[in-house]
Amino acid sequence: MRDCIFCKIIAGEIPSKKIYEDEHHLAFLDIFPASKGHSLVIPKEHHADIHSMSAAQYGAIAAVAKTVADLLQGKLKSEGTTIFQMNREAGWQTVFHIHMHVIPRWEGDALHKPWDIAPASEEELSSIHALLTE
Ligand code: AMP
Ligand code: ZN
């Protein structure tokens, strides 16, 4: 897709540090890493986000993220792994070609959870549960 940074990376028009590639996917280092080895997994076919692709296509990206997570963990001896996948502006997505962040983690590293933990009321949980299961 024209004007998509990640399509340009796939086309070789923008350089990237590739760490994994198969017929349909690419993984490369994030240039603004949250930790050492922070990588992005993308499909070679342009899809904007989770809502514009099939479950099977999404699952294939997740499978590559698992492969990349193992690669990073094995090489970097990281102590944990966090996977983020943002969708649409309200979901913090900034590059609108779907991608999974695979972030190697270490005890005491600089990342912190993006939400504050607070309990929901029973009423709140029951009402959303009813809505989702009716
Ligand atoms: P998101 O906010 O989930 O859409 O993440 C987009 C990610 O792409 C950010 O973490 C950026 O640092 C990363 N990024 C943007 N441009 C490039 C690039 N040319 N090469 C590698 N990573 C990039
Ligand atoms: Zn694209």
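Above: the structure in question.
### Observations concerning the overall build of the protein
- Scanning the protein for helices and strands turns up three helices and five strands.
- Seen through its C-alpha atoms, the protein measures out along the principal axes to roughly 50 × 35 × 25 Å.
- The 134 residues of the protein split such that 32% are buried.
- For the protein, restricting intrachain contacts to residue pairs at least 6 apart in sequence, the fraction spanning at least 24 positions comes to 55%.
- Approximately 8900 Å² of the protein is accessible, and the part contributed by carbon and sulfur atoms is 58%.

### Details of the side chain of R105
- The topology assignment puts R105 in strand β5 (residues 100-105).
- The residues contacting R105, other than those within four sequence positions of it, are S78, E79, G80, T81, T82 and L111.

### Digging into the sheet that holds strand β1 (residues 18-21)
- Pairing within the open sheet is antiparallel, and its five strands lie in the order β1-β2-β3-β5-β4. Only two strands of the sheet have a single partner each, and these edge strands are β1 and β4 (80-84). Between one strand and the next, the sheet's axes are offset by a mean angle of 20°, whatever the strand orientation.
- Across three bridges, strand β3 (residues 39-43) lies against β5 in antiparallel orientation. Paired with L40 across the bridge in β5 is H101.

### Re the pattern of salt bridges
- Using the criterion set out here, one finds four salt bridges in the structure.
- In this structure, E21 engages K44 in a salt bridge whose closest nitrogen and oxygen atoms are separated by 2.8 Å. Residue E21 is found in strand β1, and its partner K44 is found in the loop between β3 and α2 (55-76); the two are separated by 23 residues along the sequence.
- Residue K44 is classed as partly exposed on the basis of its relative accessible area of 26%.
- When the shortest N-O distance is used, the salt bridge between D70 and K66 registers 2.7 Å. Linking D70 with K66, this pair stays in helix α2, spanning four residues, or about one helical turn.

Cut-offs used in this document
- Residues numbered from 1 in each chain as written.
- Chains lettered and ligands numbered in written order.
- Predicted model: local features only at pLDDT ≥ 70, side-chain atom pairs only at ≥ 80, totals over all residues.
- Heavy atoms only, no water.
- Helix = DSSP H or I, 4+ residues; strand = E, 2+ residues; numbered from the N terminus.
- Buried < 20%, exposed > 50% of the residue type's maximum accessible area, 1.4 Å probe, protein only.
- Contact = heavy atoms within 4.5 Å.
- Areas by Shrake-Rupley, 256 points an atom, 1.4 Å probe, with all protein chains shown as cover.
- Pairing = 2+ DSSP bridges.
- Axes fitted to C-alpha atoms, helices over the stretch in contact; angles between N-to-C directions.
- Salt bridge = Lys/Arg side-chain N within 4 Å of Asp/Glu carboxyl O.

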